[in-house]
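Structural overview
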Amino acid sequence: MANNYFKEYPNKDGFFKEYGGAFIPPVLETEMEKITDAYYAISKSHKFISELRSIRKHYQGRPTPVYFCNRLSEKYGGRIYLKREDLNHTGAHKLNHCMGEALLAKYLGKKKLIAETGAGQHGVALATAAAYFGLECEIHMGEVDIIKEHPNVIRMKILGATVVPVSHGLKTLKEAVDSAFEAYLKDPLNTMYCIGSVVGPHPFPMMVRDFQRIVGIEAREQFFEMTGELPDKVVACVGGGSNAMGIFSAFLDDAECALYGVEPGGTSLKYGEHAATITLGKPGIIHGFKCYLLQDEKGEPGAVYSVASGLDYPGVGPEHSMLKDLKKVNYSTINDQEAIDAFYEISRLEGVIPALESAHAVAYAFKLAQEFPKTSILVNLSGRGDKDIDFVIDKYGLPEDKK
Ligand SMILES: *Cc1c(COP(=O)(O)O)cnc(C)c1O
């Protein structure tokens, strides 16, 4: 699969089988074609590759480690390992594609980066990249998320970005994407729209995946070096799906590695109370691409919820949509409470406070470890939880205070 896989998917029009593509107005289509052509040319140039490699090593602190969780493995069974993207500069995997997108913007002579953000992690990563390259940065964010993710809002401002509050609809990620798109359309020549995940019109799902592939490439090599074998199971949370594609992409060809994508089950699997897009959605179109989609009764993108702001998106990457149909990846859900329990478990047994998004993957790894006590499990710990601590304490309290 692998050798041809990355050449075949997406095809030249940006399709992963029936998913993906670019369902966008003509002005935007021209811009996307320019970005696509530039990406194909520039991303293969020696100069671009060596500059990105140097940034990853000297600025981001890559490679991030793979770590064996002694105490968690003892308690839950199995052998649980973490790919520590929480130790990537800015505390999550998102800087991997932001530095790539911003570097591309620089090569294209753009002056300004525009993006949406949910948990604020993408905004912080992009504001960081903008500061590094000396570009302007404008981040659109739902008002609900602005309150919930206050520390990241402050971080973006300190980094010199402008934060634009979005006050319509549910005031979360989906509305923020709409707003950022609108702003981008006003001046596509001088700005670069930097999507925060493997979503949006072609070429973004491909570009973001390619920039995230470093996670899987490193992890596969590191895991093999540590253990002399490949992991039996690889687990990652799926919001848009970028951290999951990053790690899965290295194992697609390894029949012995089972891949697990974990979606947010929210408070229940009733409409509006979760964001389990692949598990419960149906094919549809959102933000210029086709994917599994949670829809309302009119077929419009539906209401979503998750305790993890970075996971509450009604769509999902087109590549995940294809991998689901091909049965290459198993998708299931973890609910809010399971994620919160895992958040405390890994904090207390390993000294690693995870992002609430990543806690979904950790919770699923516990289930796998209990079910398959001899198995090795590699979890992509997509980010650190500093951004979530106030929210978790306010809403859930400490475990011992409940008793
Ligand atoms: C944004 C975010 C996610 C979800 O995004 P994906 O594109 O699905 O990876 C997961 N974990 C963290 C820490 C995030 O910041």
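Residues numbered from 1 in each chain as written. Predicted model: local features only at pLDDT ≥ 70, side-chain atom pairs only at ≥ 80, totals over all residues. Heavy atoms only, no water.

1. A short note on the overall build of the chain
Within the chain, the secondary structure is distributed over 16 helices and 14 strands. Whereas a compact globule of 403 residues would reach a radius of gyration of roughly 22 Å, the chain reaches 19 Å, a difference of no more than 12%. Reported as C-alpha extents along the three principal axes, the dimensions of the chain are approximately 55 × 45 × 40 Å. Expressed as a percentage of its 403 residues, the buried residues of the chain come to 62%. Pairs at least 24 apart in sequence give 74% of the contacts found in the chain among residues at least 6 apart. (Helix = DSSP H or I, 4+ residues; strand = E, 2+ residues; numbered from the N terminus. Rg over C-alpha atoms; globule rule 2.2 N^0.38 Å. Buried < 20%, exposed > 50% of the residue type's maximum accessible area, 1.4 Å probe, protein only. Contact = heavy atoms within 4.5 Å.)

2. Considerations on the packing of aromatic side chains
This structure, assessed with the given rule, holds 18 aromatic pairs. Centre to centre, the rings of Tyr5 and Tyr9 are 5.2 Å apart; their planes meet at 55°, and the pair counts as tilted. This pair shows no difference in class: Tyr5 is buried, exactly as Tyr9 is. Considering the side-chain rings of Tyr193 and Phe204, the 6.2 Å spacing of their centres and the 70° angle between planes classify their relative orientation as edge-to-face. (Phe/Tyr/Trp six-rings, centres within 6.5 Å; stacked < 30°, edge-to-face > 60°.)

3. Description of the sheet that holds strand E10 (residues 258-266)
Strands sit in the order E3-E4-E14-E9-E10-E13 across an open sheet of six strands; the sheet is mixed. Unpaired on one side and paired on the other, strand E3 (66-68) and strand E13 (329-335) mark the two borders of the sheet. Neighbour-to-neighbour, the strand axes of this sheet turn through a mean angle of 25°, independent of strand direction. (Pairing = 2+ DSSP bridges. Axes fitted to C-alpha atoms, helices over the stretch in contact; angles between N-to-C directions.)

4. What about the domain arrangement of the chain?
Note on interface size: it is often stated as the accessible area lost on association of the parts. Domain annotation of the chain identifies domain 1 (16-21 + 28-57 + 94-205) and domain 2 (63-91 + 213-402). Relative placement of domain 1 and domain 2: their C-alpha centres are 22 Å apart. Taken residue by residue, the interface counts 34 residues in domain 1 and 42 residues in domain 2. Summed over the shared surface of domain 1 and domain 2, the result is one salt bridge. Taking the shortest distance from any N to any O, the salt bridge between Lys290 and Glu18 comes out at 2.7 Å. Where domain 1 packs against domain 2, one counts twelve residue pairs in polar contact (both at pLDDT 80 or more). Sorting the residues of the side of domain 1 that touches domain 2 by element identifies strand E2 (19-20), helix H5 (94-107), helix H6 (121-133), helix H7 (143-148) and helix H9 (173-186) as the ones contributing at least two each. For the side of domain 1 that touches domain 2, the element with the most residues is H9, which contributes five residues. Across the side of domain 1 that touches domain 2, the residue classes break down as 14 nonpolar, twelve polar and eight charged. (Domains from an automatic or database assignment. Salt bridge = Lys/Arg side-chain N within 4 Å of Asp/Glu carboxyl O. Polar contact = N/O pair within 3.5 Å; in protein donor to acceptor, adjacent residues only side chain to side chain. Nonpolar A, V, L, I, M, F, W, Y, C, P; charged D, E, K, R; others polar.)

5. As for the side chain of Ser358
Secondary-structure assignment places Ser358 in helix H15 (residues 356-371). Side chain to side chain, Ser358 and Ser382 meet in a polar contact 2.7 Å long. Each residue touching Ser358, except ones within four places of it in the same chain, is listed here: Cys237, Leu381, Ser382 and Gly383.

6. Things to note about the site of the ligand
In the region of the ligand, 17 residues are neighbours, and Lys94, Ser197, Ser242, Asn243 and Ser382 sit closest. His93 places a side-chain nitrogen or oxygen 3.1 Å from an oxygen atom of the ligand. Here an oxygen atom of the ligand sits 2.7 Å away from a polar atom, N or O, in the side chain of Asn243. Notes on the ligand: free accessible area 380 Å², of which the protein chains cover 98%. (Near = heavy atom within 4 Å. Areas by Shrake-Rupley, 256 points an atom, 1.4 Å probe, with all protein chains shown as cover.)

7. A look at the sheet that holds strand E7 (residues 162-166)
Reading across from one edge, E7-E6-E5-E8 is the order of the four strands in this open sheet, with parallel pairing throughout. Among the strands making up the open sheet, the edge pair consists of E7 and strand E8 (191-193). Put simply, the sheet's adjacent strands are angled 20° from each other on average, direction ignored. The pairing of strand E6 (residues 136-142) with E7 spans five bridges and is classified as parallel. Across the sheet, the residue bridging to Gly142 is Val166, located in E7.

8. A word on the nonpolar core
Ranked by size, the top nonpolar core spans 90 residues in total, and within it Leu113, Ile247 and Phe251 carry the most contacts. Not counting the four nearest positions on each side in its chain, Leu113 is found in contact with Ala102, Ala105, Leu126, Ala130, Leu135, Glu136, Cys137, Glu138, Met192 and Cys194. Counting residues in each nonpolar core, the second largest holds 37 residues, with Ile346, Val352, Ala361 and Phe391 among its members. (Core = buried A, V, L, I, M, F, W, Y, C linked by side-chain atoms within 4.5 Å.)

9. Comments concerning the layout of surface pockets
The volume enclosed by the largest pocket comes to roughly 740 Å³. Taken together, 26 residues line the largest pocket, and the ones lying closest to its centre are Tyr39, Ser43, Ile49, Asp210 and Arg213. Elements with a contribution of two residues or more to the lining of the largest pocket: helix H1 (2-8), helix H2 (26-42), helix H3 (46-60) and helix H10 (204-227). No other element matches H10, which puts eight residues into the lining of the largest pocket. The residue inventory of the lining of the largest pocket, partitioned by class, reads 13 nonpolar, two polar and eleven charged. No fewer than three residues from each of domain 1 (16-21 + 28-57 + 94-205) and domain 2 (63-91 + 213-402) sit in the lining of the largest pocket. If you trace the second largest pocket, you find it lined by Lys12, Asp13, Phe15, Gly21, Ala22, Ile24, Glu29, Met32, Glu33, Thr36, Asp37 and His202. Looking at which element gives the most residues to the lining of the second largest pocket, the answer is H2, with five residues. (1 Å grid on protein atoms, 1.4 Å probe; cavity = no way out; pocket = protein on both sides within 12 Å on 5 of 7 lines; lining within 4 Å. Points joined across faces, edges and corners; volume = space filled by probe spheres on them.)

10. Re the side chain of Asp336
Tracing the sequence through the fold places Asp336 in helix H14 (residues 336-350). Buried Asp336, no salt bridge; nearest opposite-charge side chain is Lys395, N-O distance 5.1 Å. Within the structure, the side chain of Asp336 is placed 2.6 Å from the side chain of Tyr305, a separation counted as a polar contact. Here Val307 takes part through its backbone nitrogen, which lies 3.2 Å from a polar atom of the side chain of Asp336. (Lys, Arg positive; Asp, Glu negative; His and termini not counted.)

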